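# Working through the structure, step by step
This is what each chain is made of:
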Amino acid sequence: MLTVDQLTDAVAEYVRRLNAGTASDIAALYADNATLEDPAGSEVRTGRATIAAFYHELDGLDLTAELLTVRASGDTAAFHMRVVTTAGGFVTSIEPIDVMTFDADGLITSMRAIWSPGDIVHRRTTPA
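Residues numbered from 1 in each chain as written. Predicted model: local features only at pLDDT ≥ 70, side-chain atom pairs only at ≥ 80, totals over all residues. Heavy atoms only, no water.

## Section: the packing of aromatic side chains
- Enumeration over the complete set of coordinates arrives at four aromatic pairs.
- Measuring from centroid to centroid gives 6.2 Å for Tyr14 and Tyr55, while their planes differ by 75°, and the two rings are edge-to-face. Linking Tyr14 in helix H1 (residues 4-20) with Tyr55 in helix H3 (residues 48-55), this pair joins segments that are 41 residues apart in sequence.
- Overall, the relative accessible area of 2% leaves Tyr14 in the buried class.
- For the pair Tyr14 and Phe79, a centre-to-centre distance of 6.0 Å together with 65° between the ring planes defines the contact as edge-to-face. Of this pair, Tyr14 sits in helix H1 while Phe79 sits in strand E4 (residues 76-87), and the two are 65 residues apart along the sequence.
- We classify Phe79 as buried; its relative accessible area is 1%.
- By the ring-pair criterion, three or more aromatic residues cluster together here, those being Tyr14, Tyr30, Phe54, Tyr55 and Phe79. (Phe/Tyr/Trp six-rings, centres within 6.5 Å; stacked < 30°, edge-to-face > 60°. Helix = DSSP H or I, 4+ residues; strand = E, 2+ residues; numbered from the N terminus. Buried < 20%, exposed > 50% of the residue type's maximum accessible area, 1.4 Å probe, protein only.)

Rendered as structure tokens:
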């Protein structure tokens, strides 16, 4: 069983890799047979290669992720973060709540991101 500090560190590393890593870097945090559901209720992606393909959408984006709060116990961490992207004259932000489970080695075994399209905020950075 991981400690609360280990779970919190694993979440912080995930957010760090969202900021500065590649799809492969992020996927390396997942167990081989992990699942990802982003957003919750959408298609469940299974396996590290499929998860890497999902995160490939982030490669090259002007993206910042900020960890706002973490709650952890047992093999589970729930956290609130802010993700901001800038593209095409717009700043887009979303603040999902993610729930992750981990194996004894600290690898993510499941991730569910809880958000809906109504949670996305778009703001123009250039005049219309």
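## Concerning the side chain of Thr101
- With respect to the secondary-structure elements, Thr101 resides in strand E6 (residues 97-102).
- On the basis of relative accessibility, which here comes to 18%, the residue Thr101 falls in the buried class.
- Within the structure, Thr101 has its side chain in polar contact with the side chain of Thr109 (distance 2.6 Å).
- In terms of polar contacts, Thr101 uses its side chain to reach the side chain of Ser110, at 2.5 Å.
- Leave out the neighbours within four places in its chain, and Thr101 touches Asp75, Thr76, Leu107, Ile108, Thr109 and Ser110. (Polar contact = N/O pair within 3.5 Å; in protein donor to acceptor, adjacent residues only side chain to side chain. Contact = heavy atoms within 4.5 Å.)

## Quick look at the pairing of E6
- By the bridge criterion, five bridges tie E4 to E6 in an arrangement that is antiparallel. Across the sheet, the residue bridging to Ala78 is Val99, located in E6.
- Linking two consecutive strands that pair antiparallel, namely E6 and strand E7 (residues 108-114), is a turn of five residues; a positive phi of about 85° is found at Gly106 within it. (Pairing = 2+ DSSP bridges.)

## Re H1
- The terminal C-alpha atoms of H1, which comprises 17 residues, lie 24 Å apart, in line with the 24 Å expected from a rise of 1.5 Å per residue.
- Along H1, the residues classified as buried are Leu7, Ala10, Val11, Tyr14, Val15, Arg17 and Leu18. Across the axial projection of H1, the buried residues extend over an arc of 160°, all falling on one side. The outward face of H1, more than 90 degrees from its buried face, is lined by the exposed residues Asp5, Asp9 and Ala20. (Expected span 1.5 Å × (residues − 1). Arc of directions from axis to C-beta.)

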